[in-house]
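# Coordinates in review
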Number of protein chains: 2
Amino acid sequence: MKDSLLTDRQKEVLRYRKQGLTQQQIADLIKTSKANVCTIEKSAMENIRRAKETLEFLYTLDATHLCTIPGGTDLLEVASLIYREAEKLGIKVRYDTIALINKIRDAVPERFKARFVKENIDVYITEEGDLYFS
Amino acid sequence: MKDSLLTDRQKEVLRYRKQGLTQQQIADLIKTSKANVCTIEKSAMENIRRAKETLEFLYTLDATHLCTIPGGTDLLEVASLIYREAEKLGIKVRYDTIALINKIRDAVPERFKARFVKENIDVYITEEGDLYFS
DNA sequence: ACGTATTTAAACACTTTTCGTTAACTTTTG
DNA sequence: CAAAAGTTAACGAAAAGTGTTTAAATACGT
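All values derive from a computational prediction rather than experimental measurement.

### Examining the sheet that holds strand β1 (residues 64-69) of chain A
Strands in a sheet are paired, the pairing made by backbone hydrogen bonds, and the direction either parallel or antiparallel. All names here are of chain A. Taken in spatial order, the three strands of this open sheet run β1-β4-β5, and their pairing is antiparallel. Of all the strands in the sheet, just β1 and β5 (131-133) have a single pairing partner and so form its edges. Neighbour to neighbour, the strand axes of the sheet diverge by 25 degrees on average, direction disregarded. Across three bridges, the pairing between strand β4 (residues 121-125) and β5 is antiparallel.

### Focus: the interface of chain A and chain B
Counting residues at the interface gives 19 residues for chain A and 20 residues for chain B. Elements with a contribution of two residues or more to the side of chain A that touches chain B: α1 (8-18) and α3 (34-62) of chain A. Examining the composition of the side of chain A that touches chain B, we find that 11 residues originate from one element, α3(A), more than from any other. Split into classes, the residues belonging to the side of chain A that touches chain B amount to nine nonpolar, three polar and seven charged.

### Section: the packing of helix α4 (residues 75-88) of chain A against helix α5 (residues 97-107) of chain A
All names here are of chain A. At a closest axis distance of 10 Å, the pairing of α4 and α5 adopts a crossing angle of 110 degrees. Overall, the two elements α4 and α5 adopt an arrangement that is roughly perpendicular. Considering the relative orientation of α4 and α5, their crossing is right-handed. The residues of α5 that touch α4, namely those facing Leu 75, Val 78, Ala 79 and Ile 82, are Thr 97, Leu 100, Ile 101 and Ile 104. Classifying every residue of the contact of α4 with α5 by side-chain character gives seven nonpolar, one polar and no charged.

### Description of the protein's contact with DNA strand C
Every one of the 20 residues lining DNA strand C counts as a neighbour, but Thr7(A), Arg9(A), Ala35(A), Thr22(B) and Cys38(B) are closest to it. The set of elements that each furnish at least two residues to the surface near DNA strand C consists of α1 and α3 of chain A together with α2 (23-29) and α3 (34-62) of chain B. When residues in the surface near DNA strand C are grouped by element, the largest group, six residues, is from α3(A). In terms of residue class, the surface near DNA strand C is made up of four nonpolar, 12 polar and four charged.

### A few points about the sheet that holds strand β4 (residues 121-125) of chain B
Residues and elements named next belong to chain B. With respect to topology, three strands assemble into an open sheet ordered β1-β4-β5, the strand pairing being antiparallel. The strands lining the two open edges of the sheet, one partner per strand, are β1 (64-69) and β5 (131-133). Neighbour to neighbour, the strand axes of the sheet diverge by 25 degrees on average, direction disregarded. Pairing analysis gives five bridges linking β1 to β4, with the strands arranged antiparallel. Note that in β4 the partner of Thr 68 across the bridge is Asp 122. Most of the contacts of helix α4 (residues 75-88) go to β1, to which it runs at about 145 degrees, and overall it touches β1 and β4.

### Structural notes on the protein's contact with DNA strand D
Contacts to DNA strand D come from 21 residues, most closely from Thr22(A), Ala35(A), Cys38(A), Thr7(B) and Ala35(B). Counting only elements with at least two residues in the surface near DNA strand D, the list comes to α2 (23-29) and α3 of chain A together with α1 (8-18) and α3 of chain B. Split into classes, the residues belonging to the surface near DNA strand D amount to four nonpolar, 12 polar and five charged.

### Looking at the relation of the copies chain A and chain B
The operation relating chain A to chain B is a screw motion whose rotation component is 177 degrees, with 0.1 Å of axial translation and a residual RMSD of 0.8 Å. Such a combination of turn and shift is consistent with a two-fold rotation axis. Distance from the rotation axis, computed per C-alpha, reaches its smallest value in chain A at Ala51(A): 2.2 Å. Of all interface residues in chain A, 100% are interface residues in chain B too; the two copies therefore contact each other through one and the same surface.

### Observations regarding α1(B)
Taken residue by residue, α1(B) has Gln10(B), Val13(B) and Leu14(B) as its buried positions. Down the axis of α1(B), the buried side of the element spans an arc of 100 degrees, and every buried residue falls inside it. Buried positions along α1(B) lie against α3 of chain A together with α2 and α3 of chain B. A positive backbone phi angle near 95 degrees is found at Gly20(B), which sits one or two residues after α1(B).

### A short note on the domain arrangement of chain A
Once the domains are mapped, chain A shows domain 1 (8-58) and domain 2 (63-133). Here the C-alpha centroids of domain 1 of chain A and domain 2 of chain A sit 32 Å apart.

The rules we used
Residues numbered from 1 in each chain as written. Chains lettered and ligands numbered in written order. Predicted model: local features only at pLDDT ≥ 70, side-chain atom pairs only at ≥ 80, totals over all residues. Pairing = 2+ DSSP bridges. Helix = DSSP H or I, 4+ residues; strand = E, 2+ residues; numbered from the N terminus. Axes fitted to C-alpha atoms, helices over the stretch in contact; angles between N-to-C directions. Contact = placed C-beta atoms within 7 Å. Nonpolar A, V, L, I, M, F, W, Y, C, P; charged D, E, K, R; others polar. Parallel < 35°, antiparallel > 145°, perpendicular 65-115°, else oblique. Left-handed = near helix turned anticlockwise from the far one by under 90°. Near = placed C-beta within 6 Å. Least-squares fit on C-alpha atoms with pLDDT ≥ 70 in both. Buried ≥ 20, exposed ≤ 12 C-beta atoms within 10 Å, placed from the backbone. Arc of directions from axis to C-beta. Domains from an automatic or database assignment.

In structure tokens:
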């Protein structure tokens, strides 16, 4: 039974990076090449990305599909669209407009171009009013 | 580039389980043995556990340690303890008492016995007031 | 105790991941 | 510009994870 996706080596590198060390400095510290530090860090990031995506799937599993935001929508309309749909289900969204916009831009930044939605975004909501995007 | 820790097989099983099907029913549906469905489901859960633990590590990396809740503490005291400590750091907690209690029980259910904390719980907080437990 | 549901363990062939090297390449920064 | 920092590609070896099957063990309601 392994405890996390990250190997000790990867955690080590992430901690040092968090402290602001360069890859070369870390390479010297842990006695390897900077290229190796780079790949270790990179695969750590990849593992983290996958962990996030795994949980996203889980959320969409116990959340219901709320709506799909069509490409072309203005970011500012997104919030009111979501509030409207949530109200239909009798669910109170746990985020105010500002927090909601931050959350969605954080979750799927690649779906935006400036203030507009590039591609459709599926919105899921839990009974508690938590939102997930994919 | 793989997108998640869960294989298509695992997602399939999780979806069917979510719908309330038994392992035997799923086995028939996807043409395999029930034992296999069991293992697939189990490793899916294991992957989910690891995804959670991976992110926990991340959070403790960019959050600060807020406090440790000692074993024996009443669940109802936990919230006020956390609010008090957060205030010392000038951080506003993003959860009200009810949401906070739900969140902590969801994060580390095994640390509780009825209304009481069994084992110490470490609490971490971000600048935004998000909380993480381990 | 019976039947159904679920769990566990061992073994298999196979694939993927990880850590490491070397060397060349690009980006950032003083 | 030049040095430092970071990234990438190609490759190898060891380790870990994969989906399966088979068979045995446990859980639990009626």
